[in-house]
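Observations on the three-dimensional arrangement
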Amino acid sequence: MAPPLLSVRDLRVEFDTRDGIIPVIQNLSFDLHAGGTLGIVGESGCGKSMTALAVMGLVPGPMGRIAGGSIRLDGEDLVAAGEQRLRQVRGNEISMVFQEPMTSLNPVFTVGDQIGETVRLHQGLSRREAVNRAIEMLRAVGIPAPEKRVHEYPHQLSGGMRQRVMIAMALACRPRVLIADEPTTALDVTVQAQIFDLLQDLQAETGTAIILITHDMGAIAELAERVIVMYAGRKVEDGPVGEILGQPLHPYTKGLIRCVPHLEADPPVERRELMEIPGVVPGLSQLGGVGCPFSPRCSESRPDCNMMPVEKAGPGDHSVACWAVSEAAS
Amino acid sequence: MTEEPLLQVRDLKVHFKLGKRGLFGEPSFVHAVDGVSFDVAPGTTFGIVGESGSGKTTSALAVMRLVEATGGSVMLGGTDVLQLQGEALRMARRRMQIIFQDPYSSLNPRVRAGAIVREPLELLDVGSPAEWDERVAELFRLVGLRPEQRALFPHQFSGGQRQRIGIARALATNPEVIVCDEPVSALDVAIQAQILNLLRRLQSELGLTYLFISHDLGVVQHMCDEIAVMYLGQIVERADRISLFRQPLHPYTWALLSAVPSAAPSAKGGQNRVRLQGDPPSPIDLPPGCRFAGRCPFAEDRCRQSDPPLRAIRPGHLVACHLVSDDGKAPHMEAIEA
Amino acid sequence: MSDAAREFEQELRVESPAREAWRMFISNNSAIVGLAIFTLIILTTFVGPLVYTVDPFELVWAPLTPPGEEGWLLGTDYLGRDLVAGLLIGGQSTLAVGAAAAVITITIGITVGALAGYYRGWVDEALMRVTEFFQVLPPLLLAMVLVMLFEPSLTTIAFAIGIVSWTSAARLTRAEFMRIRELEYVKAARSISASNARIIWRVILPNAAPPLIVSAALSVGTAILFEAGLSFLGLSDANVMSWGKLIGDNRPAILAAWWPVTFPGVAIFLTVLAVSLIGDGLNDALNPKLRRR
């Protein structure tokens, strides 16, 4: 297999708070291959968005910092890279689509200016070339009448159109990695389906690798090939999407899948209770303990859980960090 | 369902006036809800599902008299809630309460949790002041909170706990009907299950009747006995839970169902899938004919000319589409077979 | 188990929003300095005259005696009146007019803004036209006219200042009401048939209060400056000493003697500075966006 395009190893991100230094991401490792799609799932506060910011080199300072590990893009360690180099990488080689298309676009510039700015900055195109590229990108993301739309302002577009513009902006420099952080959470389901199709089509054309960050297992099933399940800043399970959804091993993954009422084409007459994950995600100040962070909410909790479980290989290409599972698998 | 309905909504209309165009122009209207009718039998859950702008939330708010209805009637056990005023309306409100979407903005941040739950008792004169404290404690236990937490302020609770406070407030007056307006869509996935299970448990223990508004088809399928699908202010299809999901008749329902990403690994592959183009149009200045015609992959000339009525294909299964035949053949079914 | 018990205890340590704001306020150094100066000024002007019993209108010594000479700490003014007594007694009326004008400003402002923002429609249209009418009039000129129409007295001056400065408070209140009236807890109050009066005063107003409290604090400073300005122009009650009046009376002698205008000026400066520091402190304490979670 070719070496991965993006390789994250033992990433650790820390924040200074009034309760001391808190590790919001610990021991996170994953690989992303060219043209592949990696899903990162978890509840809010699990560290999935922070992972995206770390890869972009955008951990909010001065409180936050990458305290350890490496993020290698084609072998080059971005953690060690200077701000100048990171500016070249951001938006050019790695770009990002955010959740809220309303607040991620600047309301006082036309969409053409905003798409064009990226390419002028990174690829030194002239103003006219930039406008042409913007029109081309708008057409690529399926916006009708792009010659007209390019001169419109964000407020003149619908939510779905705005998200398409965001994607056009992110893809304008033909990045090698696209990070999509909850790209459809603010959109209607029929529009969400359009955006998913668009991402897949663009990926097939350009070979961009995608990191999809979401809380929705359905979205993961639709788009991702591999999945990382995160909890309290740690990876708890990692594997191909079919295996994670079909045979989840970690109690948290099982809970995440079963607590959602999935739409069924042939619903049973009798409705069972949904599985509940009791309690709530730990707050910032509770991160960084020695035990398994999920054990207070876990139905399979046991004395071993006072110690952090090691990541064990499960069946196939599947790994999990849970005491209960590693025993059963062996 | 032969039982006498508890809630009967007939031809409900909510039109908002927008500003005039120019000084002497005609004012334009938003047809947020345009002729919605349904019945809810006691002890059951009636779901309204739709995308943004479909008018589902406005319908719910109009039933609760929280937005002014332009026309129609809402019969609650024989009285038309829309006609009530003053004291009579206050009495009716004891029987009908609402749970809101956003647990962060639905609780007054300056009032303690106990006082929030007690307020309906005070304002609607339920019981005597001496009983209120005990009743509030009982409600806290009922929704899975500790009575000691009454003294806390909303910001000291998590999102899920806040929604429990909202539920306790809605239950305070022992209402018969509870309108649930997207009660879990602002919550984290793992917390949604806690709230949905709680709502179902309360329904079976207290015999509650729910009017359940949601954009999440999975949640609606799990919670509701009967479901209406709304599009731009109108019901396009209405059926019991099994029929609607097994045999969606309206092309919009079908498109909506096929747009939901499925987490079931077997369903991956994307066959039988339809993709609607564009966004739902705005409900201002609607074109004549079927409102869905602009996005419908099967639309014909007659769809753009006349508005299809909501008609029964089978008892209890209604659809508003010209293209669905009387024996229940829908256009997308042929498309799938072809 | 003890851990869980402790957590439980912590959770139940009830802190009301007001108490939390107070904690934020007292951890803000400049706000504390402002509060200290302000307290000192209040104590001096209201307790001082009980100890130092010289009449501020009495001609005690030769006019324009420099500070420190002949035992007069701050000297005398152009008529030979004691400046210490003038500052002490004059401070009382200046502060009283400032406070009263602020109360009037904020009362009119909140009432107009609340009604306009809550009812919207024609109520809003009408009240906003009135507000705009008051906004376009030059405030100092209008205040002068009002004071001249009636006898210049502390009451009329306070009212005149209030009437010319309520508009910004009204706009602020209206904006807050328009925002909060759409929130779900207001709908929740409606769903249990809460009256409009209850929703306005007991539900929305407490939640709109933080920026209004800040604005009220700052308007005390503005009102004091306004009073000084009117007195300087000679529009003051001839029988009541105030800081502005001291400055106004001694204005012709300013080239011969710096002290009769400088000391009241410094007093006004310190008071307004203290009030602004308190206002900024309140703003930080009450603004939830700045509040650490």
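Quick caveat, the model's predicted, so the values are computed rather than measured.

Conventions we followed
Residues numbered from 1 in each chain as written. Chains lettered and ligands numbered in written order. Predicted model: local features only at pLDDT ≥ 70, side-chain atom pairs only at ≥ 80, totals over all residues. Heavy atoms only, no water. Helix = DSSP H or I, 4+ residues; strand = E, 2+ residues; numbered from the N terminus. Rg over C-alpha atoms; globule rule 2.2 N^0.38 Å. Buried < 20%, exposed > 50% of the residue type's maximum accessible area, 1.4 Å probe, protein only. Areas by Shrake-Rupley, 256 points an atom, 1.4 Å probe, with all protein chains shown as cover. Lys, Arg positive; Asp, Glu negative; His and termini not counted. Charge placed at Lys NZ, Arg CZ, Asp CG, Glu CD. Contact = heavy atoms within 4.5 Å. Buried area = accessible area lost by both parts, 1.4 Å probe. Salt bridge = Lys/Arg side-chain N within 4 Å of Asp/Glu carboxyl O. Polar contact = N/O pair within 3.5 Å; in protein donor to acceptor, adjacent residues only side chain to side chain. Nonpolar A, V, L, I, M, F, W, Y, C, P; charged D, E, K, R; others polar. Domains from an automatic or database assignment. Pairing = 2+ DSSP bridges. Axes fitted to C-alpha atoms, helices over the stretch in contact; angles between N-to-C directions. Parallel < 35°, antiparallel > 145°, perpendicular 65-115°, else oblique. Left-handed = near helix turned anticlockwise from the far one by under 90°. pLDDT = per-residue confidence, 0-100. Phe/Tyr/Trp six-rings, centres within 6.5 Å; stacked < 30°, edge-to-face > 60°. Disulfide = S-S within 2.5 Å. Expected span 1.5 Å × (residues − 1). Patch = residues over 30% accessible without salt bridge, like charges linked within 9 Å, V, L, I, M, F, W, Y side chains within 5 Å.

Moving on, we get to the overall build of chain B. Secondary structure assignment for chain B yields 11 helices and 12 strands. Whereas a compact globule of 338 residues would reach a radius of gyration of roughly 20 Å, chain B reaches 21 Å, a difference of no more than 12%. Taken over the C-alpha atoms alone, chain B extends approximately 65 × 60 × 45 Å along its principal axes. By residue count, 58% of the 338 residues in chain B fall in the buried class.

As a further point, take the overall build of chain C. The helix and strand inventory of chain C stands at 12 helices and 0 strands. Traced from its N-terminal end to its C-terminal end, chain C shows the element sequence α-α-α-α-α-α-α-α-α-α-α-α. Among the 293 residues that make up chain C, the fraction classed as buried is 48%. Within the structure as shown, chain C displays about 14300 Å² of accessible surface, and the carbon and sulfur contribution to it stands at 67%. In chain C, 21 positive and 24 negative side-chain charges are present, and the distance between their average locations comes to 13 Å.

What follows concerns the interface of chain B and chain A. On the side of chain A, 47 residues touch chain B, which itself brings 41 residues to the contact. Summed over both partners, the interface of chain B with chain A comes to about 3800 Å²; 53% of that surface belongs to carbon and sulfur atoms. Contact with chain A buries area across many residues of chain B, yet Val189, Pro261 and Ala263 of chain B alone supply 16% of it, more than any other trio. Among the salt bridges present, the one from arginine 271 of chain A reaches aspartate 225 of chain B, with a minimum N-O distance of 2.8 Å. At the junction of chain B and chain A, the tally comes to 17 residue pairs in polar contact (both at pLDDT 80 or more). Top contributing element to the side of chain B that touches chain A by residue count: helix H6 (residues 189–206) of chain B, with 8 residues. Along the lines of polarity and charge, the residues of the side of chain B that touches chain A split into 20 nonpolar, 10 polar and 11 charged.

This next bit is on the domain arrangement of chain B. All names here are of chain B. Under the domain assignment, chain B is made up of domain 1 (7–95 + 175–337) and domain 2 (106–174). The centre of domain 1, based on its C-alpha atoms, is set 30 Å off from the matching centre of domain 2. Counting from both sides, the interface comprises 18 residues of domain 1 and, opposite them, 15 residues of domain 2. In total, domain 1 and domain 2 occlude about 1400 Å² of area from one another, counting both sides; carbon and sulfur atoms represent 64% of this. It is Arg90, Arg94 and Pro175 that lose the most area in domain 1 upon contact with domain 2, and together they represent 37% of the buried surface on that side. Here domain 1 is connected to domain 2 by 1 salt bridge. Ionic pairing is found between aspartate 125 and arginine 90, a salt bridge with its closest N-O pair at 2.9 Å. Ranked by residue count, the leading element in the side of domain 1 that touches domain 2 is H6, at 9 residues. For the side of domain 1 that touches domain 2, the residue count by class is 11 nonpolar, 1 polar and 6 charged.

Next up on the list: the environment of glycine 45 of chain A. Note on placement: glycine 45 of chain A falls in the loop between strand E3 (37–41) and helix H1 (48–56). Placed 238 residues apart in sequence, glycine 45 of chain A and glycine 283 of chain A show a C-alpha to C-alpha distance of 7.8 Å.

Below, the discussion takes up the sheet that holds strand E5 (residues 76–77) of chain A. Two strands in a sheet stick together by hydrogen bonds in their backbones, pointing the same way (parallel) or opposite ways (antiparallel). Residues and elements named next belong to chain A. With antiparallel pairing, 4 strands are arranged side by side in an open sheet as E2-E1-E4-E5. What marks the edges here is a single partner per strand, and that holds for strand E2 (20–32) and E5. Strand direction decides the pairing type here: strand E4 (residues 64–73) and E5, joined by 2 bridges, are antiparallel. The residue bridging arginine 72 from the neighbouring strand is aspartate 77, located in E5.

It is worth spelling out the packing of helix H10 (residues 196–232) of chain C against helix H11 (residues 243–250) of chain C at this point. Residue and element names in this part refer to chain C. It is at 7 Å that the axes of H10 and H11 come closest, and there the two elements cross at 30°. By the criterion of interaxial angle, the relationship of H10 to H11 is roughly parallel. Viewed along their axes, H10 and H11 form a crossing whose handedness is right-handed. Where H10 approaches H11, its residues Glu227, Ala228, Ser231 and Phe232 are matched on the opposing element by Gly244, Lys245, Ile247 and Gly248. Its residues placed into classes, the contact of H10 with H11 shows 3 nonpolar, 3 polar and 2 charged.

Once that is clear, we can look at the side chain of serine 70 of chain A. All names here are of chain A. With respect to the helices and strands, the residue serine 70 is situated in strand E4. We classify serine 70 as buried; its relative accessible area is 11%. Each residue touching serine 70, except ones within four places of it in the same chain, is listed here: Ser7, Val8, Arg9, Asp77 and Val79.

Residues and elements named next belong to chain A. Even without glycine at this site, asparagine 27 takes up a positive phi of about 50°. If you trace the backbone, asparagine 27 turns up in strand E2. Overall, the relative accessible area of 46% leaves asparagine 27 in the partly exposed class. Even without glycine at this site, glutamate 182 takes up a positive phi of about 45°.

All names here are of chain C. Mean pLDDT over chain C works out to 84, with 92% of the residues at or above the 70 mark. Element-level mean pLDDT values for chain C span from 45 in helix H1 (residues 2–12) up to 94 in helix H8 (residues 167–180). Note on residues 1–12: pLDDT under 50 across the span, and 9 contacts to partners over four residues away in sequence or across chains. Predicted as a complex, the structure gets a pTM of 0.86 and an ipTM equal to 0.86.

Residue and element names in this part refer to chain B. One pass over the structure, following the stated rule, counts 14 aromatic pairs over all chains. With centroids separated by 5.1 Å and ring planes inclined at 85°, the aromatic side chains of tyrosine 231 and phenylalanine 292 adopt a geometry described as edge-to-face. Of this pair, tyrosine 231 sits in strand E9 (residues 226–231) while phenylalanine 292 sits in the loop between helix H9 (251–259) and helix H10 (301–305), placing them 61 residues apart in sequence. Grouping residues by exposure puts tyrosine 231 and phenylalanine 292 together as buried. Between the aromatic rings of tryptophan 254 and phenylalanine 298, the centroid separation amounts to 6.1 Å while the plane-to-plane angle is 35°, which identifies the pairing as tilted.

This part is about the state of the cysteines. Scanning the entire structure with this criterion turns up 0 disulfides over all chains. Of all cysteine sulfurs, the one in cysteine 259 of chain A lies closest to cysteine 46 of chain A, which takes part in no disulfide; the gap is 13 Å.

With that settled, the discussion passes to helix H7 (residues 159–171) of chain A. Its 13 residues give H7 of chain A an end-to-end C-alpha distance of 18 Å, which sits within 8% of 18 Å, the value for a rise of 1.5 Å per residue. Judged by how many residues are buried, H7 of chain A sits mostly within the fold: 12 of 13 residues are covered.

Attention shifts here to the sheet that holds strand E3 (residues 45–49) of chain B. All names here are of chain B. Across the sheet, 8 strands lie side by side as E6-E7-E8-E3-E9-E10-E12-E11; this open sheet has mixed pairing. Each edge of the sheet is formed by a strand with only one pairing partner; in this case those strands are strand E6 (96–99) and strand E11 (311–314). Averaged over all pairs of adjacent strands, the angle between their axes in this sheet comes to 20°, without regard to strand direction. Of the pairings in the sheet, the one linking strand E7 (residues 177–181) to strand E8 (residues 209–214) comprises 5 bridges and is parallel in character. Each residue of the ladder has a partner; that of valine 177, found in E8, is threonine 209. Here helix H5 (residues 159–171) sits on the sheet and contacts E6 and E7; the angle it forms with E6, its principal contact strand, is near 175°.

Mapping aspartate 301 of chain B onto the fold places it in helix H10. For the pair aspartate 301 of chain B and glutamine 97 of chain B, spaced 204 residues apart in sequence, the C-alpha to C-alpha distance is 44 Å.

This next bit is on a nonpolar patch on the surface. Together, Leu43, Phe46, Val47, Leu50 and Val51 of chain C make up an exposed nonpolar region whose accessible area comes to about 520 Å². Take leucine 50 of chain C: it is sitting in helix H3 (residues 29–51).

Here the focus is helix H3 (residues 113–123) of chain B. Residues and elements named next belong to chain B. In terms of burial, H3 is largely enclosed, as 8 of its 11 residues are buried. All of the buried residues in H3 are Ala113, Gly114, Ile116, Val117, Glu119, Pro120, Leu121 and Leu123. The positive-phi residue at the C-terminal boundary of H3 is aspartate 125, with phi of around 50°.

Residue and element names in this part refer to chain B. Residue position: leucine 12 is located in strand E1 (residues 7–20). With a relative accessible area of 0%, leucine 12 lands in the buried category. Here the alpha-carbon distance between leucine 12 and alanine 62, two residues 50 residues apart in the chain, equals 8.2 Å. The residues touching leucine 12, leaving out its near neighbours within four places in the chain, are Val33, Asp34, Gly35, Val36, Ser59, Ala62, Val63, Ala69, Gly71, Gly72, Val74 and Leu82.

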